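Fold and contact review
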Amino acid sequence: MTLAERLQRLGTETAFTVSLAAAEWGAKGNRIYPFHLGDLDLATPSNVVAAMDRAIADGKTGYCPAAGIPQLREALADDVGARRGLTYSPSQVVVQPGGKPVITKFIQAVMNPGEEVLYPNPGYPIYESQIEYFGGVAKAYRYIPTPTGFGIDLDQVRSLVTPQTRAIIYNDLQNPIGAESTDAEREAIARIAIENDLFVLSDEAYFEMRYSGTSTSIASLPGMQERTVILYTFSKKFAMTGWRLGAAIAPQPIADAITKLNTNDESCTTHFVQYAGVEGIRGDQTEAKAMLDVLVQRRDAAVEAIGAINGMSVATPDATFYLFPDVTDAMAIVGTDDLAVFAEKALHATGVSFCTRRHFGRPQPGETRQYVRFAYSGISADDIREGLGLLQQWIGSFA
Ligand SMILES: Cc1ncc(COP(=O)(O)O)c(C=O)c1O
């Protein structure tokens, strides 16, 4: 008996192998500093939890509409629209079990087999996996270092577009890089989409995970709302990664297609969890805002500690909870040019666990610098200082 051929095209999040290696090292009695987790160790706001309890007590435990309960669709249409200066009708909001399903449903809705979709690399690995799984051609575009962080290689994006290109996936406020587009860069991506009549998946998982400034959605640029699907998630803003609640906010024909996919895939997102979402959006924001205060302290602790490590350098992002330092020189000091070896040696010498560039897509030709990703969302500021201090000492011991 053989399994379906298409499974050979299905990728995964190899970052989970880092969790496994850290857990195995921890099980031997070693202290672990978990910088690999793109998860939060903070509690979901108590008013959100209470709203879910009430919903269960009220019997919201049966099926509900495939596209979500009307109250949540309305709340999201209002909130997502207001924060982006746009007007959405609740019918354009399709509730999902998390942000991730928006990726697969967007691709199923807009891409035929054999067609091309552009996606960021390094980037969230599920884009590449789902494009290829559904028989498309995944075309990676890269980021290049700038004085303030990273920017999209716009010339490369332009050169990748062909008559077969259907869509571009764009993750402003980027995982793993922490990059944010300048206005000019966002406008250039929008222009490419309009000139070539492309759909856009705007992955806005980190739109509200920011410490200063304001986020701008590519959907709010002229001519873009009608071609853009927004990936919205409760996972990060409300520390609800395990609850599985998100939404696609889409042009009506795509929203209708995604609703039909919902009916086929899961019937509906967990009914009572959606009431928690309504409270998250409409209710008291005190605890959700307090989380950002904790995260910015962690960011500052991590940026300072990385800056003190020999052979590492990193910019300070205003948003997300990721840092993506260039570690090429640190690797040379330790005596390896293999990222996997570097990560394993660091784990065993210091307990500091992190993902590398390799966990975020196939490396592209011409990449000469090496990067790792430190996520500071699941580790306290004290542990950040302690863990990265050990990393500094370890690398220093080779000098
Ligand atoms: C860029 C990006 N998009 C989408 C997701 C998926 O989010 P969710 O957990 O809500 O499915 C993540 C999660 O880490 C992410 O980093």
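Residues numbered from 1 in each chain as written. Predicted model: local features only at pLDDT ≥ 70, side-chain atom pairs only at ≥ 80, totals over all residues. Heavy atoms only, no water.

Attention now moves to the overall build of the protein chain. The helix and strand inventory of the protein chain stands at 13 helices and 14 strands. On C-alpha atoms alone, the protein chain measures out to a radius of gyration of 21 Å, which is about the 21 Å that the 2.2 N^0.38 rule sets for 399 residues. For the protein chain, the proportion of its 399 residues judged to be buried stands at 58%. Pairs at least 24 residues apart make up 74% of the contacts formed inside the protein chain by residues separated by at least 6 positions. In the protein chain, 34 side chains carry a positive charge and 46 a negative one; their mean positions are 3 Å apart. (Helix = DSSP H or I, 4+ residues; strand = E, 2+ residues; numbered from the N terminus. Rg over C-alpha atoms; globule rule 2.2 N^0.38 Å. Buried < 20%, exposed > 50% of the residue type's maximum accessible area, 1.4 Å probe, protein only. Contact = heavy atoms within 4.5 Å. Lys, Arg positive; Asp, Glu negative; His and termini not counted. Charge placed at Lys NZ, Arg CZ, Asp CG, Glu CD.)

Moving on, we get to the pairing of strand β8 (residues 199-203). In summary, the side chains of a regular strand alternate between the two faces of the sheet. Within β8, four of the five residues are buried, which leaves it mostly tucked inside the rest of the structure. Across four bridges, the pairing between strand β7 (residues 165-170) and β8 is parallel. The partner of A167 across the bridge, within β8, is F199. One crossover worth recording links β7 to the parallel β8 by way of helix α7 (residues 183-195), and it is right-handed. Two strands pair when backbone bridges link them, and β8 and strand β9 (residues 228-233) are joined in this way by four bridges, in the parallel orientation. Paired with D203 across the strands is L231, a residue of β9. (Pairing = 2+ DSSP bridges. Right-handed = clockwise from strand over helix to strand, strands pointing away.)

Further remarks concern helix α13 (residues 381-396). Spanning 16 residues, α13 covers 22 Å between terminal C-alpha atoms, matching the ideal 22 Å at 1.5 Å per step. Three or more residues of α13 are buried, namely A381, I384, G387, L388, G389, L391, W394 and I395. Contacts made by the buried residues of α13 are with β1 (33-34), α10 (286-307), α11 (328-334), α12 (339-350), β12 (352-353) and β14 (372-375). (Expected span 1.5 Å × (residues − 1).)

So, about the packing of helix α3 (residues 70-84) against helix α9 (residues 271-282). Between α3 and α9, the least distance of the axes is 9 Å, while the angle of their chain directions is 30 degrees. As summarised for this structure, α3 and α9 are arranged roughly parallel, according to the angle between their axes. Crossing handedness for the pair α3 and α9: left-handed. Of the residues in α9, those in contact with Q71, L72, E74, A75, L76, D78 and D79 of α3 are Q274, Y275, G277, V278, I281 and R282. The residue inventory of the contact of α3 with α9, partitioned by class, reads six nonpolar, three polar and four charged. (Axes fitted to C-alpha atoms, helices over the stretch in contact; angles between N-to-C directions. Parallel < 35°, antiparallel > 145°, perpendicular 65-115°, else oblique. Left-handed = near helix turned anticlockwise from the far one by under 90°. Nonpolar A, V, L, I, M, F, W, Y, C, P; charged D, E, K, R; others polar.)

As for its placement among the helices and strands, Q370 is situated in the loop between β13 (355-356) and β14. For Q370, a relative accessible area of 17% gives the class buried. A polar side-chain atom of Q370 sits 3.3 Å from the main-chain carbonyl oxygen of D337. When neighbours within four sequence positions are excluded, Q370 is seen to be in contact with P325, D326, V327, T328, M331, D337 and L339. (Polar contact = N/O pair within 3.5 Å; in protein donor to acceptor, adjacent residues only side chain to side chain.)

With that out of the way, let us pick up the sheet that holds β13. Taken in spatial order, the three strands make up an open sheet running β11-β14-β13, and their pairing is antiparallel. With one partner strand each, in any of the chains shown, β11 (322-323) and β13 form the two edges of the open sheet. The sheet contact formed by β11 and β14 spans two bridges and is antiparallel. Within β14, the residue paired with Y322 across the bridge is A375.

The next thing to look at is the environment of S217. Relative to the assigned elements, S217 resides in the loop between β8 and β9. Between the alpha carbons of S217 and G396 there is a distance of 42 Å; along the sequence they are 179 residues apart. Leaving out residues up to four positions away in the same chain, S217 has contacts with R84, R186, S202, E204, F207 and I230. Within the structure, S217 has its side chain in polar contact with the backbone nitrogen of A219 (distance 3.0 Å).

For the ligand, the set of nearby residues contains 14 residues, the closest of which are D203, Y206, T233, S235 and K236. The backbone of K100 places a nitrogen or oxygen atom 2.9 Å from an oxygen atom of the ligand. Within the contact set of the ligand, an oxygen atom lies 2.8 Å away from a side-chain nitrogen or oxygen of N175. Here the ligand, which alone exposes 390 Å², has 93% of that area covered by the protein. Residues that form the shell around the ligand fall into these classes: four nonpolar, six polar and four charged. (Near = heavy atom within 4 Å. Areas by Shrake-Rupley, 256 points an atom, 1.4 Å probe, with all protein chains shown as cover.)

Where two aromatic rings form a pair, the distance of their centres and the angle of their planes describe that pair. According to the stated counting rule, one finds 16 aromatic pairs in the structure shown. A centroid spacing of 5.3 Å and a plane angle of 80 degrees characterise the contact between F35 and F374, whose relative ring orientation is edge-to-face. Of the two residues, F35 sits in the loop between β1 and α2 (46-57) while F374 sits in strand β14, which places them 339 residues apart along the sequence. For the pair F35 and F374, a shared accessibility class is recorded, and that class is buried. Ring geometry for Y133 and F134: centres 5.1 Å apart, planes at 75 degrees, overall edge-to-face. For F134, a relative accessible area of 26% puts it in the partly exposed group. Clustering of aromatic rings is evident, with ring pairs tying together F35, F342, F354, F374, W394 and F398. The cationic tip of R84 hangs over the ring face of F207; the distance from NZ or CZ to the ring centre is 3.7 Å. (Phe/Tyr/Trp six-rings, centres within 6.5 Å; stacked < 30°, edge-to-face > 60°. Lys NZ or Arg CZ within 6 Å of the ring centre and 35° of its normal.)

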